[in-house]
Amino acid sequence: MRNWFLKQLDKLGLDTSNLKTDVELNGHFLEFGESENIIFPKELDNGNDWIIKEWFFKKGQKIRPGDVIGAVEDKTQRFEFESFVGGKLNYFKKIGQKVEGGQILAEIIGSKNAKR
C-alpha cells in the first residue's frame, strides 16, 4: 500500500523524497550478471526455531531497493527483511522452513531491464 501511495504522489509530480527511506533514496539496481544474497543474520540466531513465515513477492518478480521481501518468525518475534538493491527475486527457502543464522534465504539478480 505504501509503495502504491508513493507512486501516485510521484505521478502527480509531488516531491516524495521526505517520505522515502534511505534505502529507497540511495539503493541501486543490480546490473545484468550481478547478484546479491539475502542472508539470515547470525545475531538473530538465539537458539529459537526461526521459520520462514511469508514471502511478499513471487519468484522472478522485480523488486526495488527498500522493498520488504519476506518475514521470519520464532515463538515470540517477527523479523521482516528488505532489499537494499533492485532486481529479480529468487528465494531458496519455502514458507514453513526452518532457518539458521548465516543461511542464504534468497538472492536478488540483476537483469537487462530490472530498472523501474
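A. Representation of the sheet that holds strand β3 (residues 50-55). A sheet is described by the order of its strands in space; here four strands give the open sequence β6-β5-β3-β8, paired in antiparallel fashion. Each end of this open sheet is capped by a strand with a single partner; those strands are β6 (78-82) and β8 (98-99). In this structure, β3 lies alongside strand β5 (residues 68-73), joined through four bridges in antiparallel fashion. In the sheet register, W55 faces β5, and the bridge partner there is G70.

B. How the structure looks around the packing of aromatic side chains. Throughout the structure, instances matching the rule amount to four aromatic pairs. A centroid spacing of 4.4 Å and a plane angle of 10 degrees characterise the contact between W55 and Y91, whose relative ring orientation is stacked. Residue W55 is found in strand β3, and its partner Y91 is found in strand β7 (residues 85-91); the two are separated by 36 residues along the sequence. Both residues of the pair, W55 and Y91, belong to the buried class. Grouping aromatic residues by their ring pairs yields a cluster made of W55, F79, F81 and Y91. A cation over an aromatic ring shows up here: K59 above the ring of Y91, its NZ or CZ 5.4 Å from the ring centre.

C. Summary view of the pattern of salt bridges. For the coordinates displayed, the defined rule picks out four salt bridges. The shortest N-O distance in the salt bridge between D49 and K98 comes to 3.2 Å. Of this pair, D49 sits in the loop between β2 (35-39) and β3 while K98 sits in strand β8, placing them 49 residues apart in sequence. Relative accessible area serves as the criterion here: at 46%, D49 is assigned to the partly exposed category. We note a salt bridge from E80 to R78, for which the minimum N-O separation is 3.1 Å.

Conventions and cut-offs
- Residues numbered from 1 in each chain as written.
- Predicted model: local features only at pLDDT ≥ 70, side-chain atom pairs only at ≥ 80, totals over all residues.
- Heavy atoms only, no water.
- Pairing = 2+ DSSP bridges.
- Helix = DSSP H or I, 4+ residues; strand = E, 2+ residues; numbered from the N terminus.
- Phe/Tyr/Trp six-rings, centres within 6.5 Å; stacked < 30°, edge-to-face > 60°.
- Buried < 20%, exposed > 50% of the residue type's maximum accessible area, 1.4 Å probe, protein only.
- Lys NZ or Arg CZ within 6 Å of the ring centre and 35° of its normal.
- Salt bridge = Lys/Arg side-chain N within 4 Å of Asp/Glu carboxyl O.

Without other data, these values stay purely geometric and don't point to any function.
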